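Notes for the structure review
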Amino acid sequence: MLQSGKALICAGLGLALCSGAVLAEPLTGKQAAKQLYSAKRSEVQMLAVAGLSVEHSALLAGVVKDYAYYAAAAIAPEEELLKSEATTLVANHHSVEAASAAALAGCNTLRKSATECVIAAIVRPKGWESRVLQLSVEGTVAMAEDYGRRGGRALATSATTGFFALGKGAQAQAGALRDCADKGADDCKVVVADPE
């Protein structure tokens, strides 16, 4: 189900957004640092949605621009944007696909119309291009400020929730996985690791 959901999201957003590679092995901290975007610069991409007026599109763009990447806004296209409880904004995920899946799930749960929700806007890092490692704004800041440069250390992330955790010391990877899972994620994976 998750794979088919991702395929639907990728089809809706365009293949260029979904071409990120999957990590086979964790990167080192030095390798990861080269993959990261600025935590302070993002861009909004509005997607063509039938029935969404230019005025409402501009309004939505103005709201989502302040959300931390990776973010997505899902709307119920048959419902009035300003009155619909279904409009869902999700932010601070590790990919557009994950943010989009979460936004669509929330929107479809709340919609009153028969038509499925659609993604109307996404927020990603400024100058985005496909990279091996993608992290949320919070994950990016944690890597830059808290990961460190010495000793055993690791970063585990959840691809579907945006959760992450850092581990340090001899059991850094196990600690990062445990702490990530303790936040409520069942898909945590070590994506950055450096030995003792």
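Structure's up top.
Heads up: these notes are all about the structure in this document. Model, not experiment: these values are computed from the prediction.

Examining the overall build of the protein
- A tally of helices and strands in the protein yields six helices and seven strands.
- Ordered by position from N to C terminus, the α and β elements of the protein give α-α-β-α-β-β-α-β-α-β-β-α-β.
- Within the protein, the proportion of its 196 residues that are buried is 44%.
- Taking the intrachain contacts of the protein between residues at least 6 apart in sequence as the baseline, contacts between residues at least 24 apart amount to 68%.

Here's the deal with the side chain of Ser 84
- Note on placement: Ser 84 falls in the loop between strand 2 (71-75) and strand 3 (88-90).
- Only 2.6 Å separates the side chain of Ser 84 from the side chain of Glu 79, close enough to count as a polar contact.
- In this view, Ser 84 contacts Ala 76 and Glu 79; residues no more than four positions away in its chain are not counted.

Points about the sheet that holds strand 7 (residues 188-194)
- Across the sheet, three strands lie side by side as 6-5-7; this open sheet has antiparallel pairing. Either end of the sheet is taken by a strand with one partner, and the two such strands are strand 6 (164-168) and strand 7. Neighbour to neighbour, the strand axes of the sheet diverge by 20° on average, direction disregarded.
- In the sheet, strand 5 (residues 153-158) pairs with strand 6 via five bridges, with the strands oriented antiparallel. Residue pairing across strands places Leu 155 opposite Leu 166, the latter belonging to strand 6.

Concerning the state of the cysteines
- Within this structure, the stated rule accounts for two disulfides.
- With a sulfur-sulfur separation of 2.1 Å, Cys 107 is cross-linked through a disulfide to Cys 117. Where Cys 107 bonds to Cys 117 through sulfur, the torsion about that S-S bond is close to -80°, and the disulfide is left-handed. Taken as a pair, Cys 107 in helix 4 (residues 96-110) and Cys 117 in the loop between helix 4 and strand 4 (118-125) lie far apart in primary sequence, ten residues in all. In terms of burial, Cys 107 and Cys 117 fall into one category: buried.
- Each sulfur in the disulfide pair Cys 180 and Cys 188 lies 2.1 Å from the other. Taking the torsion about the sulfur-sulfur bond, which here is approximately -80°, the covalent link between Cys 180 and Cys 188 counts as left-handed. You'll find Cys 180 and Cys 188 in the same group, each marked buried.

Notes on the environment of Gly 169
- With respect to the helices, strands and loops of the structure, Gly 169 is situated in the loop between strand 6 and helix 6 (172-182).
- Judged by its relative accessible area of 25%, Gly 169 falls in the partly exposed class.
- Setting aside residues up to four positions removed in sequence, Gly 169 forms contacts with Gly 152 and Glu 196.

A closer look at the sheet that holds strand 1 (residues 42-46)
- What the four strands build is an open sheet, ordered 1-4-2-3; its pairing is antiparallel. What marks the edges here is a single partner per strand, and that holds for strand 1 and strand 3. Between one strand axis and the next, the sheet turns through 15° on average, direction left out of account.
- The strands touched by helix 3 (residues 54-64) within the sheet are strand 1, strand 2, strand 3 and strand 4, with strand 1 carrying the most contacts at an inclination of about 155°.
- Strands in contact with helix 4 are strand 2, strand 3 and strand 4; relative to strand 2, the strand with the most contacts, it is inclined by about 30°.

What about unusual backbone geometry?
- The omega torsion of the bond from Tyr 69 to Tyr 70 falls at -10°, within 30 degrees of zero and hence cis.
- Tracing the sequence through the fold places Tyr 70 in the loop between helix 3 and strand 2.
- Here the phi dihedral of Asn 92 falls at roughly 65°; this positive angle occurs in a residue that is not glycine.
- Relative to the elements of secondary structure, Asn 92 occurs in the loop between strand 3 and helix 4.

A short note on the nonpolar core
- In terms of nonpolar packing, the biggest core is built from 30 residues, with Leu 60, Ile 75 and Ile 119 touching the most fellow members.
- Ranked by size, the runner-up nonpolar core spans twelve residues in total, among them Leu 27, Leu 133, Val 191 and Val 192.

Cut-off values and rules
Residues numbered from 1 in each chain as written. Predicted model: local features only at pLDDT ≥ 70, side-chain atom pairs only at ≥ 80, totals over all residues. Heavy atoms only, no water. Helix = DSSP H or I, 4+ residues; strand = E, 2+ residues; numbered from the N terminus. Buried < 20%, exposed > 50% of the residue type's maximum accessible area, 1.4 Å probe, protein only. Contact = heavy atoms within 4.5 Å. Polar contact = N/O pair within 3.5 Å; in protein donor to acceptor, adjacent residues only side chain to side chain. Pairing = 2+ DSSP bridges. Axes fitted to C-alpha atoms, helices over the stretch in contact; angles between N-to-C directions. Disulfide = S-S within 2.5 Å. Core = buried A, V, L, I, M, F, W, Y, C linked by side-chain atoms within 4.5 Å.

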